[in-house]
Amino acid sequence: MGDDTTGGTGTEAPPDPGAVEAAAAAARGALQAAGSLEALEAARHAHLGRSSPLLVWRRSLGALDPDERRRVGLVLNDRRAELESLAEARAAELATEARAAQLAADALDLTEVTARWRPGHLHVVTQVREELEDVFVGMGYEIAEGPEAESDWHNFTALNMPPDHPARSAQDSFYLDLAGGASLLLRSQTSPVQVRLLERGQLPIYAVAPGRVYRRDTADARHLPVFHQIEGFVVDRGVTFADLVGTIDTFVRAIFGEGTRSRLRPAYFPFTEPSAEFEVTCTICGGEGCRTCGQVGWIELGGCGMVHPAVFQATGVDPEEWSGFAFGFGIDRLALMRHEVEDLRTFIENDVRFLRQL
Amino acid sequence: MLVPLSWLGDFVPLEAFFGPGGVPVTGPGLRRLTETLDSLGLVVERVTPVPGDLPGVVLARVVEIGPIKGADRIRRVLVDAGGNEPVEVVCGAWNFGLGDVVPLATVGTTLPGGMRIERRALRGVTSNGMLCSSAELELATDAAGILVLERGVGDGAHEAAAGAPGALALGQPLAEHLGLRPDVVLDLAVEPNRPDALCILGVARDLAAMARLPLTVPTPQPVEAGPPAAGLARAEVAAPEACERLVVRVVEQLVPVASPPQVQRRLVLAGMRPISAVVDATNYVMLELGQPTHAYDLDRLGGGGIAVRLARPGEQLVTLDGVERHLGQLTLPVGAAAGADQRQADVRHECVVADLDDHVVGLAGVMGGAATEVSATTTRVLLEAAAFEPRRIVRSARHHGLRSEASVRFERGIDPEGLVRAADRVVELVAAAAAAAGAPAPLVAAGVVDVRAVARPARRIVLRTDRLNGVLGTALAAEEAAGCLEPIGFTTSPLPGGLEVTVPSFRPDVTLEVDVVEEVARHYGYERIAGTPRRAPGVGRLSDGQVLRRRLRRLLTGAGVDEAWTSSIVDPTVARRLEVRAGAVALANPMVAEESALRTHLLPGLLDALRRNVSRQNDDVRLFELGAVFAARPTAPATPGPAGDGLLQAHVEERELVGVLLGAPGDDASAAVACWWRLVDGLGLDPDALALDQPRLRAGAAAAEDRAGRGDGDRAGGGAGEGLVGDLLAGCHPSRAAWIRQGSGSSGRCVGALGEVDPSLLATFDLPPGRRVGWLVCDVAGLLATPRRSPLARPVSRYPSSDVDLAFVLAEARPADDLVAVVREAAGDLGEAVAVLDAYRAGDGTRSVTVRTRLRALERTLSDQDVAAFRSAAIALAAERLGAILRA
């Protein structure tokens, strides 16, 4: 600094104690009063710089006798150290204030922000389907698949459905119009996947087959000609009806909650024997009886039964060695129940407002 | 099936459920009953209480009938209802006369249908009630006139009703007079494997067995005062394959009467229409015992008898409903076409009943002919009870669109050993009806004519106890199984390790051991079989394809795209708008023309969803769908070939696609490109194995190269092959779309397509002009077959990088990607990233493309020489390969 060499005379008389204290007091006042880092630096230069009284006096100490020099030197050093730390403290204070002011100026009302990162939503049928898949994967099952355009053999014949079975009529199933009158149709159920799994020839089988199926139903609030089912299929040695009961109980509790119970009652399907419908305690009222379950406390979920020997025979599996069970139910209906959707047709409208709520 | 409980109570003591005192319309007893039926698999779908007291409806005798001035359709009627004064009513029916006893609904009465009877004045006459028809009282369906309970003196041919005229107590409640009780009608869902349960007796048998109650099996004992039936009528079976047994009874000296009110009421409650005593008796027995029978006017049967035979082509019959039926060959069910099932061949001809002059008089098991119908003038009746072959009846009923109560029972299978009992019960009821109406007793011929065309011994099945318990997971002893089977008509005898079970003739559905197992289970009680845990021995996991699908879905939702589901059955004209080349699979039996083909593409369905959303002011629409599309194989063989998979593969190509429609404001082809590379990254595909191939650009480039005399075979190809994948570009903006290929150039296998939807196609979906819609479609199997990024980690350099931007003048027809590839090649190992930084078209018609290259070495700091070498290599290579000049 220029004034360090030019400003000081270097010949000032040694100070008296009163002058030292007065200079120190003036310095304290100036440092405290500094309102910015720049002002602080200027005050520090004036009161602690080379040409400040304290430093000038310090340089003149040589003119004193040794005792006096030690005494005055100590006083000057004390004051200087005190003022230096005062300047440090003030600098820190000012820096904090400056940062606070800067942040205050940067304020933002977060509720005025309108931009959203909007994720897309999985279709509710996919959500239910994946949840079901996860339950069965957790039980050690594989997820099996089959084509939607299916042969009459897989969809009916191998499933022990006689040629005159009503489901085989053109009234109930969609047949394909193909060259040479080939007997192909849109699968009316996921059960043909059973036949495909058996034909694969790898036993035992623990599988579920979710997928799209087709029936000639007029679209209304409860029906669509295109809908989704999931089929469960287990073939192993010594599989029993009791195993079926236990398996249904297991997955029903996994899907609907621990408190849910299930029960079976006799029914008929050509590809199972004994056959049953299975019901679960109403998910709305828990079995007390309400509007959803028609006051009975139970909701019919799907069909099930022990694999009919004819199905094994059709696919070359020995029904004396192997036994199994199958069960199936509608995925869309489950989604309908769970979300209390009033009309199944909303599922295929694809109105984004509907898709994004679920 | 509709089951009135009072009828069920004829065979099983329902007091066990309700206690004494009749059928309550609600309450725990009824609930116990319905739960028992449910547990038997006879599911109660509806419970309809039927009030039986008809309050306010009383007996009244007509004492005066007079005209009303100015009215020619209504009359003033005075009736004596047992009170001090006659009651004046206005009536519009004309079927009664002086002295007749009729039901009077008094003022204040509410009829079963809900109509409330008020006092009212009609043309100056006060009506103090209403005379009622059977239909108004819901006793029967006859609404043609007032229900006449007794004819007045001298009024009819047979005035002697039950007791002498005047014996009825006027003012007595009608319900009391008829012996009506409140009733409950159960609507049971009877499964196809339960032919035995399609009648009241069968339901009673199951119920009695389950509830451990006695079953009363009816044994009709008609009074046979006539000569032997065999002398009056003949019966023949010429087609034993269609009719295993035929039983005929004859009744003479019939007088036409109506059925007693109780019979009519039961028929009505069970959903049938009372017609006449004879017809009602046949219907009543069908409902009660499950055996359909048919009554012919014997005098109209040529040759005095019937024969069951197959129809001959060209034969005709006018059925009871007045429709002329053309007989002969039956149409085969769709599923049984073309000899796929050899057993079908022998059921091509329908079964008919002919008279002995060989005229067809009935469609066997389905409907009788009009010419031989029992009428008011019929005095001699031939009653037919037959066991027709089920499959032929199914076909016949379906062929003629005539599914009747009778055909349904024949379809399922009736009890061939129950024919005589059914015929006996019919004539017993006919005689009872005459007696109830006060008519002379008909003369029932002695015995039946019984033709057994096929002897069918009782079926015996061995039930192994091990097998029984092996299927059910129970530990039942043979005696317990017998205890389940015997009450429902099976007989059993012990065998070592099991039972020999004799199947009752009314259970044609039970043919296998497992059928017997089911019957044991049903009557043991499904709910008593406790569940056992069974876990799969292996580890459950998703397949690679299933994992890919899940990742696809999550990547797309993560990108803000919602999942849609559109129908796979579409309007075939839409695919034509897209100019799809693959042949759509048409449905043989669509419900409507707009939904008559399988989709070949996902785009139209999603565009339709977009259109619907836009029309509802939902603008921010991005949708994806994962689903199957279908095409008919152009190479399909002319003959169907073998059943099963081969057949399927030969005729139909089915492929799963994922389609992404980006229709939010500002979306366009670049949104589709951005989405695609996001999928590549997120699915872990190797980006170097994939390239965009833009046909329009390529066409230009090929032309340019040809002019320069540098034809490039690799670029001369086109399209993406046959079938559904070859159509993925359909519907795209011609100059803003590209194939996605595995490998480079146009030779690589096509995985998908992306770009923008053709604006003219958008217009056909009512989308406004100028709106751009991005579109990405991929073949899911193609994605699955695309090489993955290496799973091995490579070290990343810690040394500083150097970015080099090079701007080239590039021909319009050159994809920028080619330039990137050239620059990447020039950068070699030092090239950390190469990408298009900027592209613009100058006023002079040239295009400038700037490529930024980040150079970095793995184990040292780059030198100036490295950068300079790269620059000169890139510039030289771009010029040599692409004719691209560095922009000054």
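Residues numbered from 1 in each chain as written. Chains lettered and ligands numbered in written order. Predicted model: local features only at pLDDT ≥ 70, side-chain atom pairs only at ≥ 80, totals over all residues. Heavy atoms only, no water.

A. Structural view of the nonpolar core. Counting residues in hydrophobic clusters, the biggest one holds 132 residues, and the most contacted among them are Leu176(A), Phe251(A), Leu264(A), Phe347(A), Leu463(B) and Leu607(B). Examining the composition of this core, we find that 8 residues originate from one element, helix α9 (residues 241–256) of chain A, more than from any other. Those residues within four positions of Leu176(A) in sequence are excluded, and the remaining contacts are Ala149(A), Ala182(A), Leu184(A), Leu185(A), Leu186(A), Val585(B), Ala586(B), Leu587(B), Ala588(B), Leu598(B) and Val652(B). With 99 residues, the next largest nonpolar core counts Val237(B), Val251(B), Met272(B) and Tyr296(B) among its residues. (Core = buried A, V, L, I, M, F, W, Y, C linked by side-chain atoms within 4.5 Å. Buried < 20%, exposed > 50% of the residue type's maximum accessible area, 1.4 Å probe, protein only. Helix = DSSP H or I, 4+ residues; strand = E, 2+ residues; numbered from the N terminus. Contact = heavy atoms within 4.5 Å.)

B. Fine view of the interface of chain B and chain A. With 97 residues of chain B at the contact, the number on the chain A side is 101 residues. Three residues stand out in chain B for area buried against chain A, namely Tyr526(B), Arg534(B) and Trp565(B), and they jointly supply 12% of the buried area on that side. Applying the counting rule to chain B against chain A returns 13 salt bridges. Glu133(A) is the salt-bridge partner of Arg550(B), the closest N and O atoms lying 2.7 Å from each other. Here chain B is connected to chain A by 47 residue pairs in polar contact (both at pLDDT 80 or more). Here the side of chain B that touches chain A gets 6 residues from one element, more than from any other, and that element is helix α14 (residues 544–558) of chain B. Here the residues of the side of chain B that touches chain A are counted per class, giving 45 nonpolar, 22 polar and 30 charged. Of the strand pairs in this sheet, strand β3 (residues 176–177) of chain A and strand β28 (residues 586–587) of chain B are connected by 2 bridges, and their pairing is antiparallel. Within the sheet, the bridge partner assigned to Leu176(A) lies in β28(B) and is Leu587(B). (Buried area = accessible area lost by both parts, 1.4 Å probe. Salt bridge = Lys/Arg side-chain N within 4 Å of Asp/Glu carboxyl O. Polar contact = N/O pair within 3.5 Å; in protein donor to acceptor, adjacent residues only side chain to side chain. Nonpolar A, V, L, I, M, F, W, Y, C, P; charged D, E, K, R; others polar. Pairing = 2+ DSSP bridges.)

C. Summary view of the packing of helix α6 (residues 124–138) of chain A against helix α11 (residues 331–339) of chain A. Residues and elements named next belong to chain A. Across the interface, α6 lies against α11 with an axial gap of 9 Å and an inter-helix angle of 105°. With respect to α11, the element α6 is oriented roughly perpendicular. In this structure, α6 uses Val124, Val125, Val128, Arg129, Glu131 and Leu132 to contact α11, whose residues at the interface are Ile331, Asp332, Leu334, Ala335, Arg338 and His339. (Axes fitted to C-alpha atoms, helices over the stretch in contact; angles between N-to-C directions. Parallel < 35°, antiparallel > 145°, perpendicular 65-115°, else oblique.)

D. Representation of the sheet that holds strand β10 (residues 183–189) of chain B. Residues and elements named next belong to chain B. One open sheet holds the 3 strands; their spatial order is β1-β10-β2, and the pairing between them is antiparallel. The open sheet is flanked by β1 (2–4) and β2 (43–50), the only strands paired with a single partner. The mean inter-strand angle of the sheet, taken between neighbouring strand axes irrespective of direction, is 25°. Relative to β10, β2 runs antiparallel, the two being bridged by 7 bridges. Among the inter-strand pairings, Val44 is bridged to a residue of β10, identified as Leu188.

E. Layout of α14(B). All names here are of chain B. Here α14 is 15 residues long and its end C-alpha atoms lie 21 Å apart, about the 21 Å a rise of 1.5 Å per residue gives. Here α14 has its buried residues at Gly545, Gln546, Leu548, Arg549, Arg550, Leu552, Arg553, Leu555, Leu556 and Thr557. Of the residues trailing α14, Gly560 is marked for its positive phi of about 85°. (Expected span 1.5 Å × (residues − 1).)

F. Just the packing of α6(A) against α9(A), in detail. All names here are of chain A. Look at α6 against α9: their axes get within 10 Å of each other, and the N-to-C directions meet at 135°. Relative to α9, α6 is oriented oblique. Seen from above, α6 lies across α9 with right-handed handedness. In this structure, α6 contributes Glu131, Leu132, Val135 and Phe136 to the contact, and α9 contributes Phe251, Ala254 and Ile255. Of the residues in the contact of α6 with α9, the class split is 6 nonpolar, no polar and 1 charged. (Left-handed = near helix turned anticlockwise from the far one by under 90°.)

G. Representation of the domain arrangement of chain A. By the assigned domains, chain A splits into domain 1 (2–112) and domain 2 (124–355). Taken over C-alpha atoms, the centre of domain 1 of chain A sits 89 Å from the centre of domain 2 of chain A. (Domains from an automatic or database assignment.)

H. Representation of a nonpolar patch on the surface in the model. A surface patch of nonpolar side chains, amounting to about 300 Å² of accessible area, comprises Leu108(A), Leu110(A) and Val113(A). Looking at where Val113(A) falls in the secondary structure, it is placed in the loop between α5 (66–105) and α6. (Patch = residues over 30% accessible without salt bridge, like charges linked within 9 Å, V, L, I, M, F, W, Y side chains within 5 Å. Areas by Shrake-Rupley, 256 points an atom, 1.4 Å probe, with all protein chains shown as cover.)

I. Structural detail: unusual backbone geometry. In this structure, the amide linkage connecting Leu203(A) to the following residue, Pro204(A), adopts the cis form with an omega of -5°. The linkage connecting Glu273(A) with the following residue, Pro274(A), adopts the cis geometry, with an omega of -10°. Secondary-structure assignment places Pro274(A) in strand β8 (residues 272–281). Its identity as a non-glycine residue notwithstanding, Asn350(A) has a phi of 60°, on the positive side. One non-glycine residue, Arg123(B), lies in positive phi territory at about 50°. Along the chain, Arg123(B) falls in the loop between β7 (120–122) and β8 (125–127). What makes Arg123(B) exposed here is its relative accessible area of 59%.

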